[in-house]
Amino acid sequence: MDGTKRADIQIGATVMVVQKQDQRSGKLTEGKVKKILTNSAVHHRGIKVMLENGVVGRVQQIDENKKG
């Protein structure tokens, strides 16, 4: 599942995000959602979240097997 819909993302869910500095390379970082930063229901580049380790990025994938 992609991360373009805010309703699909839950606090504690395991997701793959792309950080601002990694957008060109497409490097993904895995972590658990601590806070959802995007207020709109949908965002075409991915909902912006903060992970538990402090990393901020846009959700590219949601791990269905590790939902919080």
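Quick note: structure is the one above.
Computed from a predicted structure; not experimentally measured. (Residues numbered from 1 in each chain as written. Predicted model: local features only at pLDDT ≥ 70, side-chain atom pairs only at ≥ 80, totals over all residues. Heavy atoms only, no water.)

What follows deals with the pairing of strand β2 (residues 28–36). Pairing analysis gives 5 bridges linking strand β1 (residues 14–18) to β2, with the strands arranged antiparallel. Note on β2: the bridge partner recorded for V18 is L28. Pairing between β2 and strand β3 (residues 48–51): 3 bridges, direction antiparallel. Paired with I36 across the strands is V49, a residue of β3. (Pairing = 2+ DSSP bridges. Helix = DSSP H or I, 4+ residues; strand = E, 2+ residues; numbered from the N terminus.)

We now examine the side chain of R58. Turning to its location among the elements, R58 is positioned in strand β4 (residues 56–62). Here R58 sits buried without a salt bridge, and the closest side chain of opposite charge, D2, lies 12 Å off (N-O distance). Those residues in contact with R58 that lie beyond four places of it in its chain are M16, V17, V18, T38, H43, R45, G46, I47 and K48. (Buried < 20%, exposed > 50% of the residue type's maximum accessible area, 1.4 Å probe, protein only. Lys, Arg positive; Asp, Glu negative; His and termini not counted. Salt bridge = Lys/Arg side-chain N within 4 Å of Asp/Glu carboxyl O. Contact = heavy atoms within 4.5 Å.)

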